[in-house]
Amino acid sequence: QVQLVESGGGTVQTGDSLRLDCQASTRYLSSYTLGWFRQATGKERELVAATTGDNTFYADSVKGRFTVSRDNAKKTASLQMNSLKPEDTAVYYCAASTTTSRLTYTYTRYYRYWGQGTQVTVSS
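Each residue is numbered by its place in its chain's sequence as written, counting from 1. Where local features are concerned, this predicted model is filtered to residues with pLDDT of at least 70; where side-chain atom pairs are given and counted, the filter is 80 or more; whole-chain, interface and lining totals use all residues. Only hydrogens and water are set aside when side-chain values are computed; all heavy atoms of the structure are taken into account.

Trainee: Would you mind going over the overall build of the protein chain with me for this structure?
Mentor: In DSSP terms, a helix is any run of H or I states spanning at least four residues, a strand is any run of E spanning at least two, and both are numbered starting from the N terminus. When you go through the protein chain residue by residue, the secondary structure sums to one helix and eleven strands. Each helix and strand of the protein chain, ordered N terminal to C terminal, gives the series β-β-β-β-β-β-β-β-β-α-β-β. For the C-alpha atoms alone, the extent of the protein chain along its principal axes is close to 40 × 30 × 25 Å. For the protein chain, the residues scored as buried account for 44% of the 124 residues in total. Considering only contacts within the protein chain whose residues lie at least 6 apart along the sequence, 60% involve residues at least 24 apart. Total accessible area on the protein chain is roughly 6,600 Å²; 43% of this is exposed by carbon and sulfur atoms. Three labels apply to residues, based on accessible area from a 1.4 Å probe with only protein chains included: buried if under 20% of the type maximum, exposed if over 50%, partly exposed otherwise in between. Working rule for contacts: check all heavy atoms of both residues, and any pair within 4.5 Å makes them a contact. For the area figures, the Shrake-Rupley method with a 1.4 Å probe applies, and any residue is considered shielded solely by the protein chains shown.

Trainee: What am I meant to see in the environment of Arg27 here?
Mentor: With respect to the helices, strands and loops of the structure, Arg27 is situated in the loop between β3 (18–24) and β4 (33–39). The definition of a polar contact used here is a pair of N or O atoms within 3.5 Å, where within protein one atom must be able to donate a hydrogen and the other to accept one, and adjacent residues in sequence count solely through side-chain atom pairs. A polar contact of 3.1 Å, which involves the side chain of Arg27, links it to the side chain of Tyr28.

Trainee: Even after reading the chapter, I still don't get unusual backbone geometry, so can you show me in this structure?
Mentor: Trans is the prevailing form of peptide bonds, just as negative phi is the prevailing case for residues other than glycine. At Lys75, a position not held by glycine, the phi torsion is positive, near 60°. With respect to the secondary-structure elements, Lys75 resides in the loop between β7 (66–71) and β8 (76–81). The phi dihedral of Ser83 is positive, around 50°, even though this residue is not glycine.

Trainee: What is the right way to look at the sheet that holds β7 in this model?
Mentor: Strands belonging to one sheet form pairs held by backbone hydrogen bonds; the direction of such a pair is parallel or antiparallel. Pairing between strands is defined by DSSP: at least two bridges between them are needed. Taking strand neighbours across the sheet as the criterion, the four strands line up as β1-β3-β8-β7 in an open arrangement whose pairing is antiparallel. The open sheet has two edge strands, β1 (4–7) and β7, and neither has a second partner. Along the sheet, successive strands turn relative to each other by an average axial angle of 15°, direction set aside. Relative to β3, β1 runs antiparallel, the two sharing four bridges. Fitted lines through C-alpha atoms serve as axes, helices being fitted only where they are in contact, and the angles separating the N-to-C directions of these axes extend from 0 to 180 degrees.

Next up, the structure:
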């Protein structure tokens, strides 16, 4: 069982930056792909960014603005979000998957462990 706890959400204005952190309970974090998802009101949950350790993935909507990172020794993952837009408003979730294939880790159903989510609100 892996527990994930997100922190760092809040309300900011357009163009501002926020950093989200995810603290994991497992010392074997290096074995997992870590994904950052978001879900806006009335919309499906979508993958924003993911890191296997060797590779990273970004949704087109955040490329060049968001950066995902991880520190396996500290059992943490982070999502640095710059140049935030109102359409980035959502609940953001950290998730862990045992798959490392890009063919699968882009899909929500391959993530077994989820954090409770943190709200990010970007006002115009």
